[in-house]
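Notes for the structure review
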Amino acid sequence: MSILVKNLEKRYGEQKALAGINFSIDSGEIVGLLGPNGAGKTTTMKILSGFMDVYDGEASINGLDVHKSPLEIKQLIGYLPEHNPLYLDMYVREYLTFIASIYRLDKVKERVSNIIDLTGLKAEQHKLIKALSKGYRQRVGLAQALIHDPEILILDEPTTGLDPNQLVEIRQLIKNIGAEKTIVFSSHIMQEVQAICDRVIILNRGVLVADDKIDYLDQALNKQREILLELDKSLEVDWVLHDLQEVIPIGNHQYRLIFNKTDKDPRPEIFDFIVERQCKLLQMVERKSTMEDVFQKMTLG
Amino acid sequence: MWAIFVKEVNGFFSTLTGYVVVGVFLTLLGLIMWVFPDYSILDYNYASLDQLFTVAPIIFLFLIPAICMRSFSEEKQSGTIEILFTKPLTEWQIILGKYAGALFLVFIAILPTVIYYYTIWHLGAPQGNIDRGEVIGSYIGLFFLAAIFIAISLYASVLSNNQIVAFLIGALLCFLVYYGFYFISTIPVFFGGVDDLLQKIGIDYHYRSISNGAIDSRDVLYFLSAVFIFLFMTHQYLRQNRNQ
Ligand SMILES: Nc1ncnc2c1ncn2[C@@H]1O[C@H](COP(=O)(O)OP(=O)(O)O)[C@@H](O)[C@H]1O
Ligand SMILES: [Mg+2]
């Protein structure tokens, strides 16, 4: 067990940011912590990283209590805080050398060079951090989290604010690193979590609302099937079909049919039903609900 | 701690801050000691460094808060404090690393004034007519004074994310601890030992005492406790602050 969180609670004055959450993460997993703004993702990560040490409940890394063994757990994890804070007046190499010296690594120079290669910073290593683009700054942030080759990476919104190309690059970088590490990263974008990892923990207002493989989550949440029809004329009849819940006319001879989800595909029956009533079917599509829908259902419902 | 110390010192000397601090200190001191007629040593009948040890604390009153104003406020403002606190470092290592960095810079600024000592040593009639014990005592006093001012200014810098605010709070606190207690003690409502006690809380009293050349263990204890108190408050504030 890499990370274990039990009844974790955190208050900021009156405001309850975490209302007792539980989860555990095995070593080697890549897990997305998903939730809208204010869900409690950052708070969870600040506790796991040892930055905040006043909370209720338990949090442990590799069996070590975060509160009791802060120095040990800080050796085990690499942490990228939200907004990627950096010393803008330092040079890339200077900064990474500073971070390496905190960890008292042997062969600092070699290690810094390795991490610069790994994160693709070779051409920028002699630049001031403030001269770098957002994407490269993000690489520097990842490099500082990776410099001591930690077992566990905790990344707080590592891709927020990047342009689409940078986004793809950083995701790829995280995926590559993830081949041999445990990673928890947070995001408020569902697609991102889908792109990088296979398990997702969804938080909403300090409560854990889902924790599952993404595929299962999709199935478990979609208890309905939605089919869109377009006909050549209006069909003003009673729709008698198996498992039908609701018919919603949406104008222009178009209808939304909502079915209870069963193993049986309702489309052949719909086709026959329409033909029997002397209508012509122009279009029939099943609307696949996306992970966005799932996410919205979980966090709004 | 060493890593933080090196970072701080590099920070001073890669952003000009360090050179400006040393330059301003020596220029002001030089002007006041040698050029401005009111204080000028050349118009003075004794060969002594009294001016140095009277003027330097006044310069430190604003120079040291300026050196330390970034220390924590900038880290808080930019969020890099979160990087430091999630590395395997204790709060004390971070505080002492920064403290030692500032102390080193002040030491570098004071060091060249030894030249003044040699100049006056030569100017003396007969040559070398200067109380060496007193000079050494005064240097130690000055260094202790700087050590307290740095502790106070670090505390000020942890209180605000804004460097200017940190500077002003630092300068005010340094002033209060340096002169404030003395002034308060002269208010007539304090008498019968209370005035004496108030004076002894202020730095000025102990600075004068050490500068006389006789180093009393009580004065040393005073300086060490004052430094500790402010660093401890810094520590407490940091702990509390990061959980809010
Ligand atoms: N320093 C703080 N002081 C007071 N409230 C805070 C603080 N940090 C976060 N919160 C509140 O706690 C809740 C969770 O915040 P956060 O963990 O940052 O969520 P997320 O990272 O998912 O956006 C929010 O309602 C937020 O307003
Ligand atoms: Mg957040």
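Overview of the structure. (Residues numbered from 1 in each chain as written. Chains lettered and ligands numbered in written order. Predicted model: local features only at pLDDT ≥ 70, side-chain atom pairs only at ≥ 80, totals over all residues. Heavy atoms only, no water.)

**What to know about the overall build of chain B**
Applicable threshold: Here a strand is any run of E in DSSP of at least two residues, a helix any run of H or I of at least four, and the numbering for each starts at the N terminus. The reference for a compact globule is 2.2 Å times residues^0.38; the radius of gyration itself is calculated from the C-alpha atoms. We call two residues in contact whenever any of their non-hydrogen atoms come within 4.5 Å of each other.
Across its full length, chain B carries eleven helices and zero strands. Overall, chain B shows an N-to-C arrangement of helices and strands of α-α-α-α-α-α-α-α-α-α-α. A compact globule built from 244 residues should have a C-alpha radius of gyration of about 18 Å, and chain B, at 19 Å, falls within 12% of that. Pairs at least 24 residues apart make up 75% of the contacts formed inside chain B by residues separated by at least 6 positions.

**Some remarks on helix 1 (residues 2–14) of chain B**
So the rule is basically this: In this scheme, a helix's expected span is set at 1.5 Å multiplied by one less than its residue total. Burial status follows relative accessibility: with a 1.4 Å probe on protein chains alone, a residue under 20% of its type maximum counts as buried, one over 50% as exposed, and anything between as partly exposed.
An ideal rise of 1.5 Å per residue puts 18 Å on 13 residues; helix 1 of chain B measures up with 18 Å between its terminal C-alpha atoms. Among the residues of helix 1 of chain B, B:Ala3, B:Ile4, B:Phe5, B:Lys7, B:Glu8, B:Val9, B:Gly11 and B:Phe12 are the ones counted as buried. For helix 1 of chain B, the elements touching its buried residues are helix 3 (92–102) of chain A together with helix 2 (17–35), helix 3 (50–78), helix 4 (80–85) and helix 5 (91–110) of chain B. One or two residues past the end of helix 1 of chain B sits B:Leu16, with phi positive at roughly 75°.

**Considering the coordination of the magnesium ion (ligand 2)**
When a metal holds four donors in a tetrahedron, each ideal angle between them is 109.5 degrees; when it holds six in an octahedron, the ideal angles are 90 or 180 degrees. Under the convention used in this document: Distances up to 2.8 Å from the metal define which N, O and S atoms are donors, and 3.2 Å serves for Na, K and Ca; water is absent from the atom set, so sites may look incomplete.
For the magnesium ion (ligand 2), the protein coordination sphere consists of A:Thr42 (OG1) and A:Glu82 (OE), at 2.0 to 2.5 Å. Taken as a pair, A:Thr42 in helix 1 (residues 41–48) and A:Glu82 in the loop between strand 6 (77–80) and helix 3 lie far apart in primary sequence, 40 residues in all.

**As for unusual backbone geometry**
Working note: non-glycine residues mostly have negative phi, and peptide bonds are mostly trans. All names here are of chain A. One non-glycine residue, Asn 84, lies in the positive phi region at around 45°. With respect to the helices, strands and loops of the structure, Asn 84 is situated in the loop between strand 6 and helix 3. The buried category is assigned to Asn 84, whose relative accessible area is 7%.

**A few points about the interface of chain B and chain A**
For clarity, the cut-off: By convention in these notes, a salt bridge is any Lys or Arg side-chain nitrogen within 4 Å of a carboxyl oxygen on Asp or Glu. In the analysis that follows, any N or O atom pair within 3.5 Å is treated as a polar contact, provided that within protein one partner can donate a hydrogen and the other can accept it, and provided that, for residues neighboring in sequence, both atoms belong to side chains. Residues are grouped as follows: Ala, Val, Leu, Ile, Met, Phe, Trp, Tyr, Cys and Pro are nonpolar; Asp, Glu, Lys and Arg are charged; every other residue, Gly included, is polar.
With 25 residues of chain B at the contact, the number on the chain A side is 28 residues. The interface formed by chain B and chain A holds two salt bridges in total. Put simply, A:Asp53 and B:Arg242 hold a salt bridge, and the shortest N to O gap is 3.5 Å. In this structure, the connection of chain B to chain A is made through eleven residue pairs in polar contact (both at pLDDT 80 or more). For the side of chain B that touches chain A, the secondary-structure elements that each account for two or more residues are helix 1, helix 3 and helix 4 of chain B. If one sorts the elements of the side of chain B that touches chain A by residue count, helix 4 of chain B sits on top with six residues. Taken together, the residues that form the side of chain B that touches chain A break down as eight nonpolar, ten polar and seven charged.

**Notes on the nonpolar core**
Under the convention used in this document: Side-chain atoms within 4.5 Å are what join buried Ala, Val, Leu, Ile, Met, Phe, Trp, Tyr and Cys residues into a set we call a nonpolar core.
In this structure, A:Tyr95, A:Phe98, B:Phe60 and B:Ile203 are the most contacted members of the largest nonpolar core, which totals 144 residues. By residue number, the principal contributor to this core is helix 7 (residues 132–159) of chain B, which donates 15 residues. Ranked by size, the runner-up nonpolar core spans 13 residues in total, among them A:Leu241, A:Tyr255, A:Phe259 and A:Phe273.

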